[in-house]
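Fold and contact review
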Amino acid sequence: MISTQSICRLALLRTLPSLTAARPCVATFSSGASSSSCFVTPSSTSLNLRSNSNNWSRTMPTTRTYSQSTQLNQSASSDILSLYSDLTHEGNNVSYAMEMLAKADAVCFDVDSTVIDEEGIDVLADTLGKGPEVSAWTAKAMDGNIKFEDALAARLEIIKPSKSDIASCLEKHPLRLTPGVDRLVEALQKRGTSVYLVSGGFRLMIEPVARTLGVNVSNIYANTILFDDKGDYTGFDSNEPTSADQGKPKALRAIKEKAGYNTMVMVGDGATDAQAKPPADAFIGFGGVVVREAVKEKACWFVRDFEVMIDIVNKYDKR
């Protein structure tokens, strides 16, 4: 049962514009074998990334700060969840996921509906007049109802994008960052945590996103569209690990082996992201753009914005 004090705290937090998206949620606090649940409908906020500078300053999420960076030790890690006991959480092992994030030396992000607030291939299909047909395949793939490689091939066969089609799409519709992801990436890099973009989307569309976030393009694991000498579509590179089902575990395994990381976390909204644990030590499901029930059930921790993740990264030194 939620205490009167917690209810008051939650009521106060609803007045802050930055905490979580406006939707009912079931909060599951997990620590070891015990768990408890409660219900809350948080307040919401919106952010127009194309706003002018004055509007930007008014709509940026408020950051909750706790203390200066602390070196992580066993005692500190066990207390992470208690710092956020006045908030609701979802997931089957929230405290463990928080600890893994606190000491992660690499964090891998899905891109579509996680780093950006839309599905890149659907945006491309819309500009080519094939939106509804392609988005239906996207939903099947992200919910895990079809093998990813089948959905990828089907969607590309529908749109057959040329180089100029992709360039025109990005010029007319620059991909929008999800609110807070830029601050999370900045916080991770500031403390020395490597950031990777691991996506079933297309490298050509993800590279501008990586540059905006300050992520090296060599840290992109995504699909490569093939073109002929005229720039017309001829297919995709099936050798890319992310071009097939179970591809993200392969990508993360390669990343881990190449760089020798000890602790990796995967963050994403889709079924293919949930597959990445293992080798990821924890999977944090993201529902700030779309909530997929199958993904929420598999997530160690399921978040609807990046605010608490940012606080944890800022507070704990992974070293």
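Everything that follows concerns the structure shown earlier in this document.
Residues numbered from 1 in each chain as written. Predicted model: local features only at pLDDT ≥ 70, side-chain atom pairs only at ≥ 80, totals over all residues. Heavy atoms only, no water.

**Comments concerning the overall build of the protein chain**
When you go through the protein chain residue by residue, the secondary structure sums to 16 helices and 12 strands. Counting all 319 residues of the protein chain, 51% fall into the buried class. With an accessible surface of roughly 14,500 Å², the protein chain has 49% of that area assigned to carbon and sulfur atoms. (Helix = DSSP H or I, 4+ residues; strand = E, 2+ residues; numbered from the N terminus. Buried < 20%, exposed > 50% of the residue type's maximum accessible area, 1.4 Å probe, protein only. Areas by Shrake-Rupley, 256 points an atom, 1.4 Å probe, with all protein chains shown as cover.)

**As for the sheet that holds strand β5 (residues 194-202)**
Pairing within the open sheet is parallel, and its 6 strands lie in the order β6-β5-β4-β9-β10-β11. Each edge of the open sheet is held by one strand with a lone partner, namely β6 (220-223) and β11 (301-303). Across the sheet, the mean angle from the axis of one strand to that of its neighbour is 20°, orientation sign disregarded. Summarising the sheet, strand β4 (residues 106-109) and strand β9 (residues 264-268) pair through 4 bridges and their orientation is parallel. If you follow Phe 109 over to β9, its bridge partner there is Val 267. Sheet contacts for helix α16 (residues 307-315): β9, β10 (282-286) and β11; angle to β11, the most-contacted strand, approximately 120°. (Pairing = 2+ DSSP bridges. Axes fitted to C-alpha atoms, helices over the stretch in contact; angles between N-to-C directions. Contact = heavy atoms within 4.5 Å.)

**Focus on the pairing of β10**
For a regular strand, the rule is simple: side chains alternate between the two faces of the sheet. Burial of β10 is extensive: 5 of the 5 residues sit out of reach of the surface. Side-chain alternation along β10 places Ala 282, Ile 284 and Phe 286 on one buried face and Phe 283 and Gly 285 on a second face that is also buried. Where β9 meets β10, 4 bridges bridge the pair, whose relative direction is parallel. Opposite Val 265, over in β10, you have Ala 282 as the bridge partner. Where β10 lies against β11, 3 bridges are found, and the strand directions are parallel. Residue pairing across strands places Gly 285 opposite Phe 302, the latter belonging to β11.

**So, the packing of aromatic side chains**
Throughout the structure, instances matching the rule amount to 3 aromatic pairs. Where Tyr 196 meets Tyr 221, the ring centres are 6.4 Å apart and the plane angle is 55°; that geometry is what we call tilted. Here Tyr 196 is found in strand β5, whereas its partner Tyr 221 is found in strand β6, with 25 residues between them in sequence. Judged by relative accessible area, Tyr 196 falls into the buried class, the value being 8%. Using a relative accessible area of 18% as the deciding quantity, one classes Tyr 221 as buried. Through a chain of ring-to-ring contacts, three or more aromatic side chains come together here, namely Tyr 196, Tyr 221 and Tyr 261. (Phe/Tyr/Trp six-rings, centres within 6.5 Å; stacked < 30°, edge-to-face > 60°.)

**Some thoughts on unusual backbone geometry**
Residues Lys 277 and Pro 278 are joined by a peptide bond in cis, for which omega reads -15°. Examined against the element boundaries, Pro 278 turns out to sit in the loop between α14 (271-274) and β10. At Ser 113, a position not held by glycine, the phi torsion is positive, near 60°. Relative to the helices and strands, Ser 113 is located in helix α6 (residues 111-115). For Lys 160, which is not glycine, the phi dihedral falls at a positive 40°. Tracing the chain through its elements places Lys 160 in the loop between α9 (148-159) and α10 (163-172).

**Some thoughts on the nonpolar core**
With 65 residues, the main nonpolar core has Met 98, Phe 109, Val 115, Val 267, Trp 301, Met 309 and Ile 312 as its most contacted residues. Take this core: its biggest share by element is 6 residues, from helix α5 (residues 94-103). Excluding residues that lie within four positions of it along the chain, Phe 109 makes contacts with Val 115, Leu 184, Val 185, Leu 188, Val 195, Tyr 196, Leu 197, Val 198, Met 266 and Val 267. If you look at the next biggest cluster of nonpolar residues, it comprises 18 residues, including Val 198, Leu 252, Tyr 261 and Ala 276. (Core = buried A, V, L, I, M, F, W, Y, C linked by side-chain atoms within 4.5 Å.)

**Concerning helix α7 (residues 120-127)**
Taken across its 8 residues, α7 has 6 buried, putting it largely inside the fold. Buried within α7 we find Gly 120, Ile 121, Asp 122, Val 123, Leu 124 and Ala 125. The first or second residue beyond α7 is Gly 129, which carries a positive phi of 75°.

**Some remarks on the pattern of salt bridges**
The full count for this structure, using the stated rule, is 14 salt bridges. Among the ionic pairs, Asp 117 bridges to Arg 176, the shortest N-O distance being 3.1 Å. With a gap of 59 residues between them, Asp 117 in the loop between α6 and α7 and Arg 176 in the loop between α10 and α11 (181-190) connect regions that are remote in the sequence. Look at Asp 117 and you get partly exposed, because its relative accessible area is 25%. Lys 248 is the partner of Asp 273 in a salt bridge, and the nearest nitrogen-oxygen pair spans 2.5 Å. Note that Asp 273 is positioned in helix α14 and Lys 248 in helix α13 (residues 247-259), a separation of 25 residues in sequence. With relative accessibility at 0%, the residue Asp 273 sits in the buried group. Beyond isolated ion pairs, a larger network of salt bridges with shared partners links Glu 90, Glu 293, Lys 296 and Arg 304. (Salt bridge = Lys/Arg side-chain N within 4 Å of Asp/Glu carboxyl O.)

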